[in-house]
Protein chains: 2
Amino acid sequence: MEEIKVVRRVLDVNETMATNNRKRFSDSKVFVLNLMSSPGAGKTTLLEKTLARIMPETRSAVIVGDICTTNDADRLAKTGAQVVQVNTDEFGGDCHLAAHVVEKASEGFDLNDLDLLIVENVGNLVCPAEFDIGEDARAVVLSVTEGEDKPVKYPLMFRVCQAALLNKIDLLNYLEYDIEEAAENIRQINPEMAIYRTSTQTGEGLDPWIEWLQAHIARKKG
Amino acid sequence: MEEIKVVRRVLDVNETMATNNRKRFSDSKVFVLNLMSSPGAGKTTLLEKTLARIMPETRSAVIVGDICTTNDADRLAKTGAQVVQVNTDEFGGDCHLAAHVVEKASEGFDLNDLDLLIVENVGNLVCPAEFDIGEDARAVVLSVTEGEDKPVKYPLMFRVCQAALLNKIDLLNYLEYDIEEAAENIRQINPEMAIYRTSTQTGEGLDPWIEWLQAHIARKKG
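Notes on the structure follow. (Residues numbered from 1 in each chain as written. Chains lettered and ligands numbered in written order. Predicted model: local features only at pLDDT ≥ 70, side-chain atom pairs only at ≥ 80, totals over all residues. Heavy atoms only, no water.)

**Observations concerning the packing of aromatic side chains**
Quick note on the threshold: Aromatic rings from Phe, Tyr and Trp, taking only the six-membered ring of Trp, are treated as a pair when their centres fall within 6.5 Å; an angle between ring planes under 30 degrees marks them as stacked, one over 60 as edge-to-face, and anything in between as tilted. Helical segments are the DSSP runs of H or I of at least four residues, strand segments are the runs of E of at least two, and each set is numbered from the N terminus. Throughout this description, buried means an accessible area under 20% of the type-specific maximum (1.4 Å probe, protein chains only), exposed means over 50%, and partly exposed covers the range between.
Enumeration over the complete set of coordinates arrives at three aromatic pairs over all chains. Look at A:Y174 and B:Y174: their rings are 3.4 Å apart centre to centre, the planes differ by 0 degrees, and that puts the pair in the stacked class. Note that A:Y174 is positioned in the loop between β6 (163-167) and α7 (179-189) and B:Y174 in the loop between β6 (163-167) and α7 (179-189), a pairing that runs across two chains. Given a relative accessible area of 38%, B:Y174 falls into the partly exposed group.

Put into structure tokens, the structure is as follows:
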């Protein structure tokens, strides 16, 4: 019980800082997306392909969260986007990005010069879903190699997101995987979810995902 | 800082309970393996195939950790192994199995009648690595679809394990993936790691993995 009380206090502090972040992001009319997934579901490649299509018209920046290494930031910097890498091993090896970390990381950007700020969270289908970082929307990437049942096994993640990408569909021919069942499992947890079927290798399915993103950016601009 | 102090206290309590578990497991000479991975790396299928080969000669039980659902326990029960499902949503939605949870779950078994107890941890490449549950050994399953760089991005997991399975090698022909680089990244973090290349679809590579397991079971029996 002690443990639960303590976690509650940490989350309360996080909520206050997330509210501060949200106000700063709103003042600058920058759309902030929290992108989450298991390790290796394809977040970084998705961002490389997405940014290549929307920049420089959409002025974009990325905060990349990893426990260790700057691999992902190095890859994303090549897109021309402004990139800040957060290594959570400097914050006790955290398994998620918290609001205070996003606050500090976003100080490196002039938010008024941005239309889009994407936070690529630590690869983890559990903990990041518990931490509000002041974002406008959340999206989850689920590789089809992970099996159909992950939405019902990790329901919080699918409850808090507005968009889900069933990614790596180029591998469907080589897997025993029922993508309709996966989509149905997502809708069972979250009937309102926008579901996209994507391959960053072939480019299939990226257009509707980018339309979703652009619509949200435009709405934030007002 | 407050947050870090609190985490330390939780880990101290866990360490005490893990020591208690370890003594119980030693008294019964049951070999206990903590099996970890990202979501969807193939832990449950690996266990299905492994148990089918070693039972009933090796008397086996499994504790299955998931946030929600009894899907995995239902699958594993068909192998004939004794299975206890832990749903961590009853423990605050925990992202890992802690020692006290394993203690409670293992009360359902007569440990003296077992040679092998496998704990299939919650699918998460981060947090489970931080929690000693009183196991004799730890193994990590890494799907080749997750990319080569995961060992250096999630180093703690690879530091605390004694065996790593590079799984789903039946998909190698369809991926841009350098398995030598992945193995090298593992050795960079943990030069002592036993590394296996496995496919639960074709059965390739399962023999050496099962030899590793049997050797550890035999050593525990003394």
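**Focus: the side chain of A:S143**
Residue and element names in this part refer to chain A. Our working rule: Any N or O atom pair separated by 3.5 Å or less is treated as a polar contact, with the protein-specific requirement of one donor-capable and one acceptor-capable atom, and with residues adjacent in sequence counted only for side-chain atom pairs. Two residues qualify as a contact provided that any one of their heavy atoms is within 4.5 Å of a heavy atom in the partner residue.
Checked against the element boundaries, S143 lands in strand β5 (residues 137-143). Overall, the relative accessible area of 0% leaves S143 in the buried class. A distance of 2.6 Å separates the side chain of S143 from the side chain of T145, its partner in a polar contact. Aside from chain neighbours lying at most four places away, what touches S143 is A41, N167 and K168.

**Some points on the packing of helix α2 (residues 43-54) of chain B against helix α8 (residues 206-221) of chain B**
In a pair of packed helices, the angle between the axes and the distance between the axes together describe the arrangement. Residue and element names in this part refer to chain B. Formally: Axis lines are fitted to C-alpha atoms, over the contacting stretch for helices. Their N-to-C directions set the angle, which ranges from 0 to 180 degrees. Angles are sorted into four bins: roughly parallel if under 35 degrees, roughly antiparallel if over 145, roughly perpendicular if 65 to 115, and oblique for all others. Take the far helix as the reference: if the near one is turned anticlockwise from it by less than a right angle, the crossing is left-handed, and if turned clockwise, right-handed.
Between α2 and α8, the least distance of the axes is 11 Å, while the angle of their chain directions is 70 degrees. In terms of orientation, α2 lies roughly perpendicular with respect to α8. When the axes of α2 and α8 are compared, the crossing they make is right-handed. Taken together, the residues of α8 that come into contact with α2 (itself represented by L46, K49, T50, R53 and I54) are L206, D207, W209, I210, L213 and Q214.

**Some words on the interface of chain A and chain B**
We apply this condition: By definition, the buried area sums, over both parts, the 1.4 Å-probe accessible area that each loses when the two are put together. A pair is scored as a salt bridge if a Lys or Arg side-chain nitrogen falls within 4 Å of a carboxyl oxygen belonging to Asp or Glu.
Of the residues lining the interface, 38 residues belong to chain A; the matching set on chain B comes to 38 residues. A combined buried area of about 3000 Å² lies between chain A and chain B, and 58% of that area is made up of carbon and sulfur atoms. Taken together, the links from chain A to chain B amount to four salt bridges. B:D72 is paired through a salt bridge with A:K153; the nearest N and O atoms lie 2.6 Å apart. Here the side of chain A that touches chain B takes five residues from helix α1 (residues 2-27) of chain A, the largest share from any one element.

**Examining the side chain of B:K220**
Looking at the element boundaries, B:K220 is found in helix α8. At a separation of 2.9 Å, a polar atom in the side chain of B:K220 contacts the main-chain carbonyl oxygen of B:V30.

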